[in-house]
Amino acid sequence: QVQLAESGGGLVQAGGSLRLSCAASGSTFSSYSVGWFRQAPGKEREFVAAVTWSDGSTTYADSAKGRFTISRDNAKNTVYLQMNSLKPEDTAVYYCAHHRLGRGYAYWGQGTQVTVSS
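Read on for a plain summary of the structure. (Residues numbered from 1 in each chain as written. Predicted model: local features only at pLDDT ≥ 70, side-chain atom pairs only at ≥ 80, totals over all residues. Heavy atoms only, no water.)

**Overview of the state of the cysteines**
Here is step 1 of the chain: Evaluation of the coordinates by the stated rule reveals one disulfide.
Here is step 2 of the chain: Bridging C22 to C96, the disulfide has an S-S length of 2.0 Å. Taking the torsion about the sulfur-sulfur bond, which here is approximately 65°, the covalent link between C22 and C96 counts as right-handed. A residue pair is termed long-range when its members are at least 10 positions apart, and C22 in strand β3 (residues 18–26) and C96 in strand β9 (residues 92–100) qualify at 74 residues.
Here is step 3 of the chain: Taking the relative accessible area as the measure of exposure, C22 reaches 1% and is therefore buried. (Disulfide = S-S within 2.5 Å. Helix = DSSP H or I, 4+ residues; strand = E, 2+ residues; numbered from the N terminus. Buried < 20%, exposed > 50% of the residue type's maximum accessible area, 1.4 Å probe, protein only.)

Have a look at this one:
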């Protein structure tokens, strides 16, 4: 299977920035895209952004547009989420996941905590 490891989370003041990384190992050959999701206490997990390996095309949730940038480094099997202008409502555990065509987001990391203080 695919092993994913998120890093880069932490505590930041509102308006600050963080850069999350998702490093993949294992059988990543069939991975089509990588998504970032987040889950805050008492809330459902929600989609944040995704990027395809092949052409780098991106998709963003409305809450992330204009503030977050997702990118990938194919040589390093790593996906990044640059988060700028952070807001307290961005506080959540952030997860990355690999999507396989016909399989969905089958592989998930353990998450990294992002806390934005006001």
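Moving on from the model shown.
**Here we look at the packing of aromatic side chains**
Here is step 1 of the chain: Inspection of every chain in the model, using the stated rule, returns four aromatic pairs.
Here is step 2 of the chain: Between F37 and F47, the aromatic rings sit 5.6 Å apart at their centres with planes inclined by 75°, giving edge-to-face as the arrangement. Residue F37 is found in strand β4 (residues 31–39), and its partner F47 is found in strand β5 (residues 46–52); the two are separated by 10 residues along the sequence.
Here is step 3 of the chain: For F37, a relative accessible area of 9% gives the class buried.
Here is step 4 of the chain: Between the aromatic rings of F37 and W108, the centroid separation amounts to 4.9 Å while the plane-to-plane angle is 50°, which identifies the pairing as tilted. (Phe/Tyr/Trp six-rings, centres within 6.5 Å; stacked < 30°, edge-to-face > 60°.)

**A short note on the nonpolar core**
General note: in soluble globular proteins, nonpolar side chains tend to be found buried as a group.
Here is step 1 of the chain: Of all hydrophobic cores here, the largest spans 27 residues; its most connected members are W36, V48, F68, V79, L81, M83 and Y94.
Here is step 2 of the chain: Of all the secondary structure elements, the ones that give two or more residues to this core are β1 (2–7), β3, β4, β5, β7 (68–73), β8 (78–83), β9 and β11 (112–117).
Here is step 3 of the chain: Looking at this core element by element, the count peaks at four residues for β3.
Here is step 4 of the chain: Excluding residues within four positions of it along the chain, M83 makes contact with G16, S17, L18, L20, R67, F68, Y94 and V114. (Core = buried A, V, L, I, M, F, W, Y, C linked by side-chain atoms within 4.5 Å. Contact = heavy atoms within 4.5 Å.)

**Focus on the environment of A14**
Here is step 1 of the chain: With respect to the helices and strands, A14 occurs in the loop between β2 (10–13) and β3.
Here is step 2 of the chain: As a C-alpha pair, A14 and E89 span 75 residues in sequence and 9.6 Å in three-dimensional space.
Here is step 3 of the chain: Not counting chain neighbours up to four residues away, the residues in contact with A14 comprise L86, P88, V116, S117 and S118.

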